[in-house]
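The lines below spell out each chain.
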Amino acid sequence: MSTDAPHYTILDANKAYLESTNSTREVLVGKSVFAAFPANPTDDVSKNIERTIFSFEEAINTKKTHTMSNYRYDIPIPGTDQFEERYWTTSNTPVFDENGDVIYFIHSPNNVTETYKLAQREKAGILALSNQRQQLYSVFMQAPVGIVILRGIDFFVELVNDNYLELVGKKREEFESRPLWEGMPEVESQVFNDLLQGVLKTGIAYYGSEAEVKIVRNGVLETLYVNFVYEPLIEFDGRVSGIIVVATDVTETIRSKYQLKDAEERARLAVDAVGLGTFDLDLIHGEMITSVQFDKIFGFDEHVPRSEFVNVIHPDDQEVRSKAHQEAIEKGWIFYEVRVVWKDDSIHWVRVEGKVYYDENGKALRIIGTLLDITEQRNFREEQRKLATLVDNSVDLMSILNLNGTNSYINKAGMTLLGFDTEEQVMHTPIANLHTPEDLAFVEAEVLPQVMQKGRWDGTMYVKHLKSGEIFPVFNNCIRIDDPVSGKPIAVGAVMRDLRPELAAKQALADSEQLLRNITTAAPTALWMSDESGDITYVNQTWMDWTDSKFSDNLGEQWLKAIHKDDRKRALNKFISDLKQRAFYEVEFRLNHSDGTIHWCVATGKPQYDNDGNFIGYIGSCSDITEQKHLQQQKDDFIGIASHELKTPVTSIKAYTQVLEKMMQKQGAVREAGMIAKMDSQINRLTSLIGDLLDVTKINSGKLQFNDRDFDFNQLIKELIEDLQHTAGKHTIIEELEDTGMVYADRERISQVITNLITNAIKYSPDSDSVIVRTSVHNSEIRLCVQDFGIGITEQQQEKVFEQFYRVSGDMQHTFPGLGLGLYISSEIIKREGGRIWVNSKVGEGSTFCFALPVNQINN
Amino acid sequence: MPENKKIMIADDDPGIVDAIEMMLSFEGYEVTSTLTGDTVLNMNSDYPDLLLLDVWMSGHDGRDICKALKQKQETSGIPVIMISASPELKRSAHEAGAEDFIEKPFDIEELLKKISQLIK
């Protein structure tokens, strides 16, 4: 090709060129190349002429080969004005002269049309496929499921849609275009890697259902549940090049499913836990399905027919049950509480609750319900009722104060105390109405803060009666009541006691004490107290007045100072001995009064015991008996003198009588003499009575004298019996005497005693005719007993017959004569002689009176 | 047996003196009596064979009289029976020198027995 731009004349052409350009040498040589191959007018895009010129110029100017690849340059079809589309790869290579200048260049086009077209077709195909894929991807991207396309053995993430990213909680940039496990390393160790490898190897799709995935979503480890498909991507050659993962999040579904299951389980557990039995009663057939718990509550270890359940319901509650069943059909539900009697006879309260189910015609089909053992509840309710009764009947006020300043509850006693009429009124009356402003201030400043802080307050405060307005003291014991759950205070509970009765009682006690003090001071009797060791702890004003002493002067043993020195020791000894025996203390002594006079006193003291029975001392009195002593003395003197004076006329009467009797006898006036003799015996009785009176006064004044000497005891008795037998009338005095020997005593006094006993025996046995006199020696005693078969003496009276002026009483006893002094005198005589006297007797059978004298005196 | 025996009664009660006098006279004794102790102390002749002497006489204690009589040689041999309503005085009567004692009121037989024992 010549460098003669712009013609570029063809200098020569080889065969290949001619063939490829559909030309002949003749046509081409010497001709401009562009004239030979003009531009195709239909081709306005390839710019083939400009590109060719550019390549020529490049080769010429740069003196280097210039190549154009795959460009279009259409060739005219000979004989037509048509062009044939051709593609070329052409090199233009400059050829130099000896000077190195370009003299021509070799234009070497290589027809690449076929190759180019093929490439073009291939390109189009690829494009089409790419478009298709693009569309598929876009479908994937928008699909409402998570989709990932994985490539190769690394599971390179080629595509991932937003849903998948959301599902796994990852960002696109950290997930896309990298191996799958790089994006979620925490999942690699789980089962999914193996599954993917399997699909890759086998080419068989894998379907996963409700699989659990532990995954970090948005920085938080979570458990997901997914349904997924691993679909292999199989190439034409059967090779598996990748996997399409389609996944849907079913976590919510699973969760709700589990939750439902859990809820069911919980319900079942709850039913078990509260001991609920369940039942399903078929109303058409009467059959009933029950739970194990139901059977248990009814006391059965196994399921039993319905009738069995009905049978164990307490007879008194059967009606409750049947009534409930009748009403259930109408009401649509059933509720009743009855007692169930178990086999062991224990009683259990049960509550039946249920719902009635109907068919479309309104016919009742079944009742489904629950059964609960409410024995404890019932018992608790009963306890609560008792507690409520207790509160209701309490005499103290009990209240619950809400924190808003009103009482939510006040018991009956409290309502009465404060003047409330209704419970409604209680709830709407602020505590401000129940106190004066000052007292309310105290409550608000002292009571409530302390209850709130320390949990309790107790003390005295004042309340006001709603109606009367009376302000009165109460002892309030209040506590804070906390909510058991939150622990926050919710109320204040209070128990208040009306202090008025207590104060009144205190006042009454004080008054009573004052009164007692006044009385003890006013009493004409001295009063004293001692402790358990006998030390004086109290004397009253009277004693202090008598002795002109101070209270403290008398404590301990100091009281003795006031006692006449001759009586002091005796009074103390008696007190010490009575104290030792815890006995009733009684002693007479003379007391030196402050005015110098001497007064006789009788002091008595009663042993005191505390509630446990422990001796705590004496409480006693001391009465001035000077006057009595004086009177007693006067009486004794009087009786003594009177008796003595009486004896004088009696002596002369007796003397005259006896002289008269003798005269009558001498004159032979036997009848008159007999009368006089009777008169004489009456005088003897009078003499004896006077003698007794004299003896008693002597005993009382301690002037009974004894002239003790030895005498033959049995001898004395024989003499006495001989004498007494004369006056014994129908009674025979029987002697049963053992040898007793001598006795040392006052013979006259002893004979007085024996006479007394024998005459009594005769006197009190009017319907019998014998009296037995026995003597004997027992141990160191000489004993005499006089037995009669008369009216006898009751046991109580036996103890008293030896008392002064005592006479056995009864229907007839008053008809027996005598002053009742004989046995008293006898007993005093025997005691003074150192002996003892006693009686055994049975009413209606007679009595045996005995005395015994110490035997050691016999030998003296 | 009691013939010519003279008994003196000394008691301040006229009733007793009279009754005993009558009784002893009835028994055959010669009886003198007095209501005062002075009479007894002042007698110097015509002594009785036995004296019944009351212990408590107005103005005089019979025991003192008895002691006085027993101290005088002339009267010391006269047996004395003292009489009293109080049996306790028996011992002191003996101590005063009385030969015997009898309690008022007495049985006449007992008195006569005592008298006859003392008057041989």
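See above for the structure.
Now for a look at the structure at hand. Every value quoted in this text rests on a predicted model; they were computed, and no experiment measured them.

### Some thoughts on the overall build of chain B
Summing up its helical and strand segments, chain B has 5 helices and 7 strands in all. Scanning chain B from its N terminus toward the C terminus, one meets helices and strands in the order β-α-β-α-β-β-β-α-β-α-β-α. Expressed as a percentage of its 120 residues, the buried residues of chain B come to 51%. Residue pairs at least 24 apart in sequence account for 59% of intrachain contacts in chain B once pairs closer than 6 positions are excluded. For chain B, the accessible surface area stands at approximately 5400 Å², while carbon and sulfur atoms represent 46% of it.

### Considerations on the overall build of chain A
Of regular secondary structure, chain A possesses 26 helices and 32 strands. As displayed, chain A offers around 48500 Å² of accessible surface, 54% of which is attributable to carbon and sulfur atoms.

### Describing helix α5 (residues 108-118) of chain B
Every buried residue belonging to α5 of chain B is among Ile 108, Leu 111, Leu 112, Lys 114 and Ile 115 of chain B, and all of these are buried. Projection of α5 of chain B onto a plane perpendicular to its axis shows the buried side chains occupying an angular sector of 160°, all on one side. On its buried face, α5 of chain B sits against α21 (626-667) of chain A together with β1 (6-10), α1 (14-27), β3 (50-54), β6 (80-84) and β7 (100-103) of chain B.

### With respect to the interface of chain A and chain B
On the side of chain B, 24 residues touch chain A, which itself brings 21 residues to the contact. Taken over both partners, the interface formed by chain A and chain B buries close to 2100 Å², and the fraction arising from carbon and sulfur atoms is 62%. Of all residues in chain A, Thr 651, Tyr 656 and Lys 662 of chain A bury the most surface against chain B, accounting for 27% of the area lost on that side. Run the count over chain A and chain B and you get 4 salt bridges. A salt bridge links Asp 107 of chain B to Lys 654 of chain A, with the shortest nitrogen-to-oxygen separation between them at 3.7 Å.

### With respect to the state of the cysteines
Residue and element names in this part refer to chain A. Tallied over the entire structure, the rule returns 1 disulfide over all chains. The disulfide that involves Cys 785 links it to Cys 850, with 2.1 Å between the sulfurs. For the disulfide bridge between Cys 785 and Cys 850, the dihedral angle about the S-S bond is near 110°, and by the sign convention the bridge is right-handed. In this pair, Cys 785 is assigned in strand β30 (residues 781-787) and Cys 850 in strand β32 (residues 846-854), connecting sequence segments 65 residues apart. Looking at Cys 785, the relative accessible area reads 13%, which means it is buried. Considering cysteine sulfurs only, Cys 622 is the nearest to Cys 601, which forms no disulfide, with 3.9 Å between them. A residue is classified by how much of its surface remains accessible, and Cys 601, at 0% relative accessible area, is buried.

### Thoughts on the sheet that holds strand β5 (residues 102-111) of chain A
Residues and elements named next belong to chain A. If you trace the 3 strands from one edge of the open sheet to the other, you get β1-β4-β5, paired in antiparallel fashion. Edge positions in the sheet fall to β1 (66-72) and β5, since each of these pairs with one other strand and no more. Sheet twist, expressed as the average angle between the axes of neighbouring strands with direction ignored, equals 20°. Relative to strand β4 (residues 87-96), β1 runs antiparallel, the two being bridged by 5 bridges. Bridge assignment links Met 68 to a residue of β4, and that residue is Thr 90. On top of the sheet, helix α4 (residues 48-62) reaches β1, β4 and β5; it is set at about 170° to β1, its chief contact.

### Description of the packing of α21 of chain A against α1 of chain B
Direction vectors running N to C along α21 of chain A and α1 of chain B enclose 25°, while the axes themselves pass 8 Å from each other. Judged by the angle between their axes, α21 of chain A and α1 of chain B are roughly parallel. Note on packing geometry: the crossing formed by α21 of chain A with α1 of chain B is left-handed. Along the contact surface, α21 of chain A presents Thr 648, Thr 651, Ser 652, Ala 655, Tyr 656, Gln 658, Val 659, Lys 662, Met 663 and Lys 666 of chain A, while α1 of chain B presents Gly 15, Ile 16, Asp 18, Ala 19, Met 22, Met 23, Phe 26 and Glu 27 of chain B. The class makeup of the residues in the contact of α21 of chain A with α1 of chain B is 9 nonpolar, 5 polar and 4 charged.

### Description of the pairing of strand β18 (residues 456-464) of chain A
Residues and elements named next belong to chain A. Alternating residues of β18 divide into Trp 457, Gly 459, Met 461 and Val 463, all buried, and Arg 456, Asp 458, Thr 460, Tyr 462 and Lys 464, none buried. Bridge analysis of β18 against strand β19 (residues 471-482) gives 9 bridges, and the strand direction is antiparallel. Pairing of Trp 457 across the sheet is with Cys 478, part of β19. The antiparallel hairpin formed by β18 and β19 contains 6 residues in its connecting segment, where Gly 469 sits at a positive phi of about 75°.

### A few points about the pattern of salt bridges
Residues and elements named next belong to chain A. Counted according to the given criterion, the structure contains 48 salt bridges over all chains. Put simply, Glu 382 and Arg 385 hold a salt bridge, and the shortest N to O gap is 2.8 Å. Taken as a pair, Glu 382 and Arg 385 lie in helix α14 (residues 375-393) at a separation of 3 residues, close to a single helical turn. Classification of Arg 385 by relative accessible area gives partly exposed; the value is 47%. Measuring nitrogen to oxygen at the nearest pair gives 2.7 Å for the salt bridge that ties Arg 500 to Asp 498. Note on Asp 498: relative accessible area 18%, which makes it buried.

### Considerations on the sheet that holds strand β20 (residues 489-498) of chain A
Residues and elements named next belong to chain A. The strand order across the open sheet built from 5 strands is β17-β16-β20-β19-β18, with neighbouring strands paired in antiparallel fashion. Both outer strands of the open sheet, β17 (407-410) and β18, are each paired with one neighbouring strand and no more. Shown here is a sheet whose adjacent strand axes are inclined to one another by a mean of 25°, direction ignored. As defined by bridge partners, β19 adjoins β20 across 9 bridges and the pair is classed as antiparallel. By the bridge assignment, Asn 477 is partnered in β20 with Val 495.

The rules behind each value
- Residues numbered from 1 in each chain as written.
- Chains lettered and ligands numbered in written order.
- Predicted model: local features only at pLDDT ≥ 70, side-chain atom pairs only at ≥ 80, totals over all residues.
- Heavy atoms only, no water.
- Helix = DSSP H or I, 4+ residues; strand = E, 2+ residues; numbered from the N terminus.
- Buried < 20%, exposed > 50% of the residue type's maximum accessible area, 1.4 Å probe, protein only.
- Contact = heavy atoms within 4.5 Å.
- Areas by Shrake-Rupley, 256 points an atom, 1.4 Å probe, with all protein chains shown as cover.
- Arc of directions from axis to C-beta.
- Buried area = accessible area lost by both parts, 1.4 Å probe.
- Salt bridge = Lys/Arg side-chain N within 4 Å of Asp/Glu carboxyl O.
- Disulfide = S-S within 2.5 Å.
- Pairing = 2+ DSSP bridges.
- Axes fitted to C-alpha atoms, helices over the stretch in contact; angles between N-to-C directions.
- Parallel < 35°, antiparallel > 145°, perpendicular 65-115°, else oblique.
- Left-handed = near helix turned anticlockwise from the far one by under 90°.
- Nonpolar A, V, L, I, M, F, W, Y, C, P; charged D, E, K, R; others polar.

Worth remembering: the numbers are spatial, not functional.
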